[in-house]
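Examining the three-dimensional arrangement
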Amino acid sequence: MNFLKIGMQKSGFQGRQDTPKLIAALEGLEVKEGDDFPQGDKTLRKEDHQAFLREFVFTIANGKHKILEVVPKEKTIFPPGCTFA
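What comes next concerns the included structure. (Residues numbered from 1 in each chain as written. Predicted model: local features only at pLDDT ≥ 70, side-chain atom pairs only at ≥ 80, totals over all residues. Heavy atoms only, no water.)

1. Quick notes on the sheet that holds strand S3 (residues 51-53)
- The strand order across the open sheet built from 3 strands is S1-S2-S3, with neighbouring strands paired in antiparallel fashion. Every interior strand has two partners, whereas the edge strands, strand S1 (30-31) and S3, have only one.
- Relative to S3, strand S2 (residues 42-44) is paired through 3 bridges, and the arrangement is antiparallel. Bridging across to S3, Leu44 finds its partner in Ala51. (Pairing = 2+ DSSP bridges. Helix = DSSP H or I, 4+ residues; strand = E, 2+ residues; numbered from the N terminus.)

2. Remarks on a nonpolar patch on the surface
- Judged by side-chain polarity, Phe56, Phe58, Ile60, Ile67 and Val70 come together as a nonpolar surface patch covering roughly 470 Å² of accessible area.
- Breaking the nonpolar patch down by element, the ones donating at least two residues are strand S4 (55-61) and strand S5 (64-71).
- The dominant element in the nonpolar patch, judged by the number of residues it contributes, is S4, at 3 residues.
- Structurally, Ile67 is set in strand S5.
- Residue classification places Ile67 among the partly exposed residues on the basis of a relative accessible area of 44%. (Patch = residues over 30% accessible without salt bridge, like charges linked within 9 Å, V, L, I, M, F, W, Y side chains within 5 Å. Areas by Shrake-Rupley, 256 points an atom, 1.4 Å probe, with all protein chains shown as cover. Salt bridge = Lys/Arg side-chain N within 4 Å of Asp/Glu carboxyl O. Buried < 20%, exposed > 50% of the residue type's maximum accessible area, 1.4 Å probe, protein only.)

Below is the structure:
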């Protein structure tokens, strides 16, 4: 939601008529880890609108989670499967 909020602020989004401006603001948007993005840096690729971010592999047992692995954002990026014209 914070990613969308930033796109709306950057594009001046006021309603449906501003959708193309919102899309343009989101395409290629990169954000850094911080209070709004505690999971880490995030990128929305322009070519196919795929988001990439740090991923966590974890288990939950007895109501507690245990992180097994942290996958860096760079290792989650793969070539686009499609493009938008």
